[in-house]
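Analysis of the macromolecular model
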Amino acid sequence: FESAGQPQITGKVHFLDPKSNNNYWFSTSNINDSALGTYGNSPHALCCGPAINNSDIMLNKKTRLSERFDSEFRAEFYNAWNHTQFNNPDGDFSDTTFGQILKARDPRVIQFALKILF
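Because the structure is a prediction, the values reported are computed rather than measured.

Turning our attention to the pattern of salt bridges. In this structure the tally under the stated criterion is four salt bridges. Here Arg64 and Asp70 are joined by a salt bridge, their closest N and O atoms 3.0 Å apart.

Next up, the structure:
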């Protein structure tokens, strides 16, 4: 959480699917501001976002061109299956986007490389 205090949880926290619930990671209906001068009972880990499901793949092919020259081709795929990787939800209890995931990590990235070795 961004402020010094913690919100008060009055019931069970319901985690949601951000893809189908207006980007909310958890329901904020049972989370209230704690009384002035007191700390709420919510853990700081409440604003930790969804788990990351990431696979990186690298393909490499070496080819002899002649007695003195070789070539090497590489293809690298980061987040190869292009799963949505959400950032952590907004932890500022004082604004209207509390509990909402505002950004996602980068999508799939592909890079190619060709080297000539001599």
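This part takes up the pairing of strand E4 (residues 70-78). With eight bridges joining them, strand E3 (residues 57-64) and E4 adopt antiparallel strand pairing. Paired with Leu59 across the strands is Ala75, a residue of E4. Turn length for the E3-E4 hairpin, with the two strands adjacent in sequence and antiparallel, is five residues. Pairing of E4 with strand E5 (residues 109-117) involves nine bridges; the strand directions are antiparallel. Bridging across to E5, Asp70 finds its partner in Leu117.

Below, the discussion takes up the sheet that holds E5. Pairing in this open sheet of three strands is antiparallel, and the strands run E3-E4-E5 from one edge to the other. On the outer flanks of this sheet lie E3 and E5, each paired with one strand and no other. For this sheet the average axis-to-axis angle between neighbouring strands, irrespective of direction, equals 10°.

Within the chain, Asn79 stands out as a residue other than glycine whose phi angle is a positive 55°. Non-glycine residue Asn82 carries a positive phi angle of around 55°. Looking at the secondary structure, you find Asn82 in the loop between E4 and E5. Relative accessible area serves as the criterion here: at 37%, Asn82 is assigned to the partly exposed category.

Mapped onto the elements of the fold, Glu67 is located in the loop between E3 and E4. Accessibility expressed as a relative area gives 75% for Glu67, which makes it exposed. Distance from Glu67 to Ile31, taken between C-alpha atoms, is 71 Å for residues 36 residues apart in sequence.

Cut-offs applied
Residues numbered from 1 in each chain as written. Predicted model: local features only at pLDDT ≥ 70, side-chain atom pairs only at ≥ 80, totals over all residues. Heavy atoms only, no water. Salt bridge = Lys/Arg side-chain N within 4 Å of Asp/Glu carboxyl O. Pairing = 2+ DSSP bridges. Helix = DSSP H or I, 4+ residues; strand = E, 2+ residues; numbered from the N terminus. Axes fitted to C-alpha atoms, helices over the stretch in contact; angles between N-to-C directions. Buried < 20%, exposed > 50% of the residue type's maximum accessible area, 1.4 Å probe, protein only.

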